[in-house]
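# Architecture and fold: a report
Chain residues, written in single-letter form:
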Amino acid sequence: MRLSLAATAALALAPSGAFAVDYMTAEAAAKLMFAEADRFEIRDWQLDAAQAQAIAALGVKPRSAQWKLRLAYKGRELLGVVVADEVLGKFELISYAVGIGTDGRVRGVEILSYRESHGHEVRTPAWRKQFLGKAQGAPLKLGEDIANISGATLSCGHVTEGVKRIVAVVEQARRSGVLG
């Protein structure tokens, strides 16, 4: 069977099949980022209008009012929180989790699932390490304090925006007393 030139071109230009890989669950990421924790408590939290506006004022799109916070404890001491989220890569969603200590600084970023055929380099430890220690007020801007990866620009940019969003959301949760 012969394909027409138009059909051949359409097939060549179509996005290649997704290369979905699930690396870990949000629970596993939480245990990795807070290895010293002896328990995790899940707390559902909703941003109110003022909190959403405060996040938007930072130049961050809140994406959702509903958030699931995984609080990490050692005994009665709160160590920090892990938040899982998703951002769009080029065509598909990237699932990731961010761990933030009680000091508001990023303790870790883990890619949970990656569904794109390109850009998987965002999962490399060297790239994710750039976020460690960042807190609200840090630029968290691709090409400035977060390096871009050639061929993974959209994934790098969207994950960076997502981490900045999670930092802002957790800061609002901390200010509202949800983490206490």
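The rules behind each value
Residues numbered from 1 in each chain as written. Predicted model: local features only at pLDDT ≥ 70, side-chain atom pairs only at ≥ 80, totals over all residues. Heavy atoms only, no water. pLDDT = per-residue confidence, 0-100. Helix = DSSP H or I, 4+ residues; strand = E, 2+ residues; numbered from the N terminus. Contact = heavy atoms within 4.5 Å. Axes fitted to C-alpha atoms, helices over the stretch in contact; angles between N-to-C directions. Parallel < 35°, antiparallel > 145°, perpendicular 65-115°, else oblique. Left-handed = near helix turned anticlockwise from the far one by under 90°. Salt bridge = Lys/Arg side-chain N within 4 Å of Asp/Glu carboxyl O. Buried < 20%, exposed > 50% of the residue type's maximum accessible area, 1.4 Å probe, protein only. Polar contact = N/O pair within 3.5 Å; in protein donor to acceptor, adjacent residues only side chain to side chain. Pairing = 2+ DSSP bridges. Phe/Tyr/Trp six-rings, centres within 6.5 Å; stacked < 30°, edge-to-face > 60°. Lys NZ or Arg CZ within 6 Å of the ring centre and 35° of its normal.

### Let's talk about the confidence of the model for the protein
Keep in mind that low pLDDT regions are not for reading the predicted coordinates in detail. Predicted confidence across the protein gives a mean pLDDT of 89, with 89% of residues reaching 70 or more. For the protein, per-element mean pLDDT is lowest for helix 1 (residues 5–13), which scores 43, and highest for helix 2 (residues 26–33), which scores 98. Low pLDDT (under 50) marks residues 5–18, which in the prediction has 6 contacts with non-local residues, meaning those over four places away or in another chain.

### Some remarks on the packing of helix 3 (residues 49–57) against helix 5 (residues 153–176)
Look at helix 3 against helix 5: their axes get within 10 Å of each other, and the N-to-C directions meet at 140 degrees. Overall, the two elements helix 3 and helix 5 adopt an arrangement that is oblique. For the element pair helix 3 and helix 5, the recorded crossing hand is right-handed. Side by side, helix 3 and helix 5 meet where Gln51, Ala54 and Ile55 of the first sit next to Ala168, Val169, Gln172 and Ser176 of the second.

### Some points on the pattern of salt bridges
Evaluation of the coordinates by the stated rule reveals 12 salt bridges. Arg107 is the salt-bridge partner of Glu36, the closest N and O atoms lying 2.9 Å from each other. Taken together, the residues Glu36 in the loop between helix 2 and strand 2 (39–46) and Arg107 in strand 6 (residues 106–114) connect sequence positions 71 residues apart. The exposure class of Arg107 is partly exposed, given its relative accessible area of 34%. The salt bridge involving Asp85 is made with Arg165; its shortest N-O contact spans 3.1 Å. Of this pair, Asp85 sits in strand 4 (residues 77–88) while Arg165 is found in helix 5, placing the two residues 80 residues apart along the sequence.

### Observations concerning helix 3
If you check the start of helix 3, you find a side-chain oxygen 3.1 Å away from the backbone N of Ala50, and it comes from Asp48. Gly59 sits one or two residues past helix 3 and shows a positive phi near 80 degrees.

### Overview of the sheet that holds strand 3 (residues 66–74)
Within a sheet, adjacent strands bond to each other through the backbone by hydrogen bonds, running parallel or antiparallel. One open sheet accounts for 6 strands, arranged 1-6-5-4-3-2; its pairing is antiparallel. The open sheet has two edge strands with one neighbour each: strand 1 (21–22) and strand 2.

### Section: the packing of aromatic side chains
Scanning the entire structure with this criterion turns up 1 aromatic pair. Here Trp127 and Phe131 contribute two aromatic rings whose centre-to-centre distance is 5.2 Å and whose plane-to-plane angle is 75 degrees, an arrangement assigned as edge-to-face. For the pair Trp127 and Phe131, a shared accessibility class is recorded, and that class is buried. Across the ring face of Tyr23, the terminal group of Arg123 is positioned such that the distance to the ring centre comes to 3.7 Å.

### As for the environment of Asp38
As for its position among the elements, Asp38 is in the loop between helix 2 and strand 2. On the accessibility criterion, Asp38 (53% relative accessible area) is exposed. Taking the C-alpha atoms as reference, Asp38 lies 6.2 Å from Tyr73; in sequence the two are 35 residues apart. Setting aside residues no more than four positions away along its own chain, Asp38 makes contact with Tyr73, Lys74 and Gly75. Side-chain polar atoms of Asp38 contact the backbone nitrogen of Gly75, separated by 2.8 Å.

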